[in-house]
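Summary of structural features
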Amino acid sequence: MSETAAPAVPRGRRLQGRHVFMILVGFFATIVVVDGFMIYQAVATFGGLETNDAYRKGLHYNDRIERQVAQSANGWSDTVSVVGTPAKLRVVLHGRDNETVAGQALRARVGRPATNRYDMNLELVETAPGLYEAPLGDEMAGGAWIVDVSAFNASTDNDPAYQARSRIWIGQ
């Protein structure tokens, strides 16, 4: 019987143990670096605190539900829009029979859905019965915005008579 010899492979081209070791180390080093970067980004961008006084707000949760029931009994609604150049926030406050609700002190908080970097608080002025407006500034770029509106009775400025949250889109 004749034995056939395996073809000769040059020594520098064979896969050796040190090559497998370096591939393994490189693979796990890549995993560790990517995981480290992702952990850093997660911790640096969100501190984990949604609200500063969650415990107190939790204690007053039933009060909030009662206010929402009372607000629903009012039958108020709103129409929120951004108009004009320079941009102005316009809120029209409607009553139960679609009549406008005048004589309220309106405050609005306008901001982006995903960050608080562009949040601004506005005091709206009644320009016509039930029509409230406030200038928005130059930082109102196009895209999605959240508008929280609170209406207070002009004589009692403690608890809001109406609160609503709207999502608006500003075209570019």
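The rules behind each value
For every chain, the first residue of the written sequence is number 1, and numbering continues from 1 onward in sequence order. Under the rules for a predicted model, residues below a pLDDT of 70 receive no local features and side-chain atom pairs below 80 are neither given nor counted, while totals for whole chains, interfaces and linings still include all residues. The basis for every side-chain value is the complete set of heavy atoms in the structure, and neither hydrogens nor water enter the calculation. To form a nonpolar core, buried Ala, Val, Leu, Ile, Met, Phe, Trp, Tyr and Cys residues must be joined to one another through side-chain atoms within 4.5 Å. Summary of the burial criterion: residues with accessible area below 20% of their type's maximum are buried, those above 50% are exposed, and those between are partly exposed, where the area comes from a 1.4 Å probe applied to protein chains only. Think of it this way: any DSSP run of H or I at least four residues long counts as a helix, any run of E at least two long counts as a strand, and we number them from the N terminus. Definition used for salt bridges: Asp or Glu carboxyl oxygen within 4 Å of a side-chain nitrogen of Lys or Arg. The contact criterion used is simple: two residues touch if any of their non-hydrogen atoms lie within 4.5 Å. Here a polar contact is recorded for every N or O atom pair within 3.5 Å, except that within protein the pair must consist of a potential hydrogen donor and a potential acceptor, and residues adjacent in sequence are included only if both atoms are side-chain atoms. Strand pairing follows a simple DSSP-based rule, namely that at least 2 bridges must link the two strands. Fitted lines through C-alpha atoms serve as axes, helices being fitted only where they are in contact, and the angles separating the N-to-C directions of these axes extend from 0 to 180 degrees.

Okay, the nonpolar core next. Taken as a class, soluble globular proteins show a tendency for nonpolar side chains to be buried jointly. By size, the foremost hydrophobic cluster in this structure holds 22 residues, and its most contacted members are L89, L106, V110, L122, L124 and V147. If you tally residues by element for this core, the top one is strand β6 (residues 143-153), at 4 residues.

The tally for this structure, following the rule as stated, stands at 6 salt bridges. Here E133 ties to R90 by a salt bridge, and the two come within 2.7 Å at their closest N and O atoms. One end of the pair, E133, is in strand β5 (residues 131-135); the other, R90, is in strand β2 (residues 88-94), and 43 residues separate them in sequence. Among the ionic pairs, D119 bridges to R109, the shortest N-O distance being 3.2 Å. Of this pair, D119 sits in the loop between β3 (104-111) and β4 (120-128) while R109 sits in strand β3; the two residues are 10 residues apart in sequence, bridging distant segments of the chain. Owing to a relative accessible area of 37%, R109 belongs among the partly exposed residues under this scheme.

Taking the C-alpha atoms as reference points, R109 and V149, 40 residues apart in sequence, are found 6.7 Å from one another. Not counting residues up to four positions away in its chain, the partners in contact with R109 are D119, M120, N121, I146, V147 and D148. Engagement of the side chain of R109 in a polar contact is seen with the side chain of N121, the distance being 2.9 Å.

Right, let's get into the sheet that holds β4. Ordered by their spatial adjacency, 7 strands build an open sheet running β1-β2-β5-β4-β3-β6-β7, and the pairing between neighbours is antiparallel. In this open sheet, the two edge strands, each paired with only one partner strand, are β1 (77-83) and β7 (162-170). Across the sheet, the mean angle from the axis of one strand to that of its neighbour is 30°, orientation sign disregarded. Note: β6 against β7, 9 bridges, orientation antiparallel. Paired with A151 across the bridge in β7 is Y162.

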